[in-house]
Amino acid sequence: LDGTGVDVLPLLKQININTFEQAKDELLLDIYIDETKLLYQKKRYKNAINEYMRAFGNDEIEIYSAPGRSEVGGNHTDHQRGEVLAASINNDAIAIVHPINEARVQIVSEGYGLIEITLNDIDMLEEEKETTVSLIKGVLYKANQLGYKIGGFRAYITSDVLIGAGLSSSAAYETLIGTIISGLYNEMSITDAQNIMFFFIISLRTSLNHTKTSLISKMKKMIKTLPKSKKRTELMKKTDSLLGTTV
C-alpha cells in the first residue's frame, strides 16, 4: 500500500511486465533488425521453449543464436585460395539449452529425433561423414583440441536458415554448437575470430584443394586478429602443431 492506502502492487506488476516486454523487444530488434519480424520471433522462441520442455522437462534454460550468412562475392572461391566477402543475415539457428553434469550431449532438432553423443567418443568416423552427428562431434573435438573446456548439455534447436539455399545452414549449426560451448563452459571466451578459426579447420579438413601452406597462412591471419595475449600465443603454437609445421 502507498501512503494513501491504495494497493499499488498490481500497478507495479504491470510496470515490471511492460518493462520486461520492452526489454525483450529491444533485444530481439537488436538481433533481427526488422521490426516486422518481432511477433514472428516471439512466437518462434516461445514454441522452441515449449518443445524443449516437451523433450527434456522443465529446466532452467539459456538461449543461444547463430546467424546464417550470404556470400556477397567470391562464393566458394576459397576452395582455390580466393577471398570471400560474406555478411550475416537475420535468419538464424536458435538453441534452448540446459547444462548437465554428465559427459554427454543430447540434442533434439526441429523435425528430427534425439541425437546423443558421449564426450569420450568424439573422434571422426567414416560412416558419420556429412551427418549432423559429425558436425556436432567436429566442433566438440576441435574446441577440446584447442584447449577449451567442453561439457554436457541438453538442447532443442530450430533454424529458419534455408537448407540448400547458399545461406550456410550447416555453418550456422556448427557456430551454434560452438557458441553453446563458449557460453556454458568458457565464459564466452571463444571470440568470433577463434570461432572462425576452428570452424574453418572443421569445414576444410577433408578438402584436397587446400594446400597445407595455404591453410596455415589463412589460420595464422585469423589468429593475428585476436588481441595479444597468452591465449593467442597458445593458439598460434597449437595451430602450427596441429598442421604439422613450425612457422
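Before reading on, note that the structure itself is shown above.
Residues numbered from 1 in each chain as written. Predicted model: local features only at pLDDT ≥ 70, side-chain atom pairs only at ≥ 80, totals over all residues. Heavy atoms only, no water.

Things to note about the overall build of the protein chain
At step 1: Assigned secondary structure in the protein chain consists of seven helices and five strands.
At step 2: For the protein chain, the N- to C-terminal ordering of α and β elements is α-α-β-β-β-β-α-β-α-α-α-α.
At step 3: Counting across all 247 residues of the protein chain, residues that qualify as buried make up 40%.
At step 4: Sequence separation of 24 or more characterises 65% of the internal contacts of the protein chain that already satisfy a separation of 6 or more. (Helix = DSSP H or I, 4+ residues; strand = E, 2+ residues; numbered from the N terminus. Buried < 20%, exposed > 50% of the residue type's maximum accessible area, 1.4 Å probe, protein only. Contact = heavy atoms within 4.5 Å.)

Thoughts on unusual backbone geometry
At step 1: The phi torsion at Ile 33 lies on the positive side, around 70 degrees, for a residue other than glycine.
At step 2: Structurally, Ile 33 is set in the loop between helix 1 (9–32) and helix 2 (38–56).
At step 3: Residue classification places Ile 33 among the exposed residues on the basis of a relative accessible area of 63%.
At step 4: One non-glycine residue, Glu 187, adopts positive backbone phi at about 50 degrees.
At step 5: Looking at the secondary structure, you find Glu 187 in the loop between helix 4 (169–185) and helix 5 (192–204).
At step 6: Exposure remark for Glu 187: the relative accessible area of 77% places this residue in the exposed category.

Side note on the sheet that holds strand 3 (residues 104–109)
At step 1: The five strands are arranged 1-2-5-3-4 in an open sheet whose pairing can be described as mixed. With one partner strand each, in any of the chains shown, strand 1 (62–73) and strand 4 (114–118) form the two edges of the open sheet. Across the sheet, the mean angle from the axis of one strand to that of its neighbour is 25 degrees, orientation sign disregarded.
At step 2: Its contacts with the sheet put helix 3 (residues 132–145) on strand 3 and strand 4, and the angle it makes with strand 4 is roughly 35 degrees. (Pairing = 2+ DSSP bridges. Axes fitted to C-alpha atoms, helices over the stretch in contact; angles between N-to-C directions.)

A few points about the side chain of Thr 158
At step 1: Of note, Thr 158 is situated in strand 5 (residues 152–159).
At step 2: Within polar-contact distance, the side chain of Thr 158 engages the side chain of Glu 110 at 2.4 Å.
At step 3: Not counting residues within four places of it along the chain, the set of residues in contact with Thr 158 comprises Arg 44, Ala 48, Asp 92, Ala 93, Ile 94 and Glu 110. (Polar contact = N/O pair within 3.5 Å; in protein donor to acceptor, adjacent residues only side chain to side chain.)

Some details on the side chain of Gln 106
At step 1: For Gln 106, the location among the structural elements is in strand 3.
At step 2: What makes Gln 106 buried here is its relative accessible area of 9%.
At step 3: Engagement of the side chain of Gln 106 in a polar contact is seen with the side chain of Arg 104, the distance being 3.4 Å.
At step 4: Not counting residues within four places of it along the chain, the set of residues in contact with Gln 106 comprises Phe 56, Ile 100, Leu 114, Ile 115, Glu 116, Phe 153, Arg 154 and Ala 155.

Side note on the environment of Val 161
At step 1: Position of Val 161 among the secondary structure elements: in the loop between strand 5 and helix 4.
At step 2: Look at Val 161 and you get buried, because its relative accessible area is 5%.
At step 3: Taking the C-alpha atoms as reference, Val 161 lies 7.8 Å from Pro 67; in sequence the two are 94 residues apart.
At step 4: Those residues in contact with Val 161 that sit more than four places away from it in its chain are Gly 68, Asn 91, Asp 92, Ala 93, Leu 167, Ser 168 and Ser 169.

A word on the pattern of salt bridges
At step 1: Within this structure, the stated rule accounts for nine salt bridges.
At step 2: Residues Asp 92 and Arg 44 are paired through a salt bridge, measuring 2.7 Å at the closest nitrogen-oxygen approach. With Asp 92 in strand 2 (residues 85–100) and Arg 44 in helix 2, the pair connects residues that are 48 residues apart, well separated along the chain. Residues Asp 92 and Arg 44 agree in their burial class; the two are buried.
At step 3: As a salt-bridge pair, Glu 126 and Lys 129 come within 3.5 Å of each other at their nearest N and O atoms.
At step 4: Residue classification places Lys 129 among the partly exposed positions, given a relative accessible area of 33%.
At step 5: Through salt bridges with shared partners, a single network forms among Arg 44, Asp 92 and Asp 160. (Salt bridge = Lys/Arg side-chain N within 4 Å of Asp/Glu carboxyl O.)

Notes on the nonpolar core
At step 1: Grouped together as the largest cluster of nonpolar side chains are 30 residues, with contacts concentrated most on Val 97, Ile 107, Ile 136, Phe 153, Ile 157, Leu 176 and Ile 180.
At step 2: For this core, the element with the highest residue contribution is helix 4, accounting for seven residues.
At step 3: With 11 residues, the next largest nonpolar core counts Tyr 32, Tyr 45, Tyr 52 and Tyr 156 among its residues. (Core = buried A, V, L, I, M, F, W, Y, C linked by side-chain atoms within 4.5 Å.)

Describing the packing of aromatic side chains
At step 1: Following the criterion strictly, the structure yields two aromatic pairs and no others.
At step 2: Aromatic pair Tyr 32 and Tyr 45: ring centres 6.5 Å apart, planes at 75 degrees, arrangement edge-to-face. Here Tyr 45 lies in helix 2 and Tyr 32 lies in helix 1, a separation of 13 residues in the sequence. Here Tyr 32 and Tyr 45 have matching classes, each one buried. (Phe/Tyr/Trp six-rings, centres within 6.5 Å; stacked < 30°, edge-to-face > 60°.)

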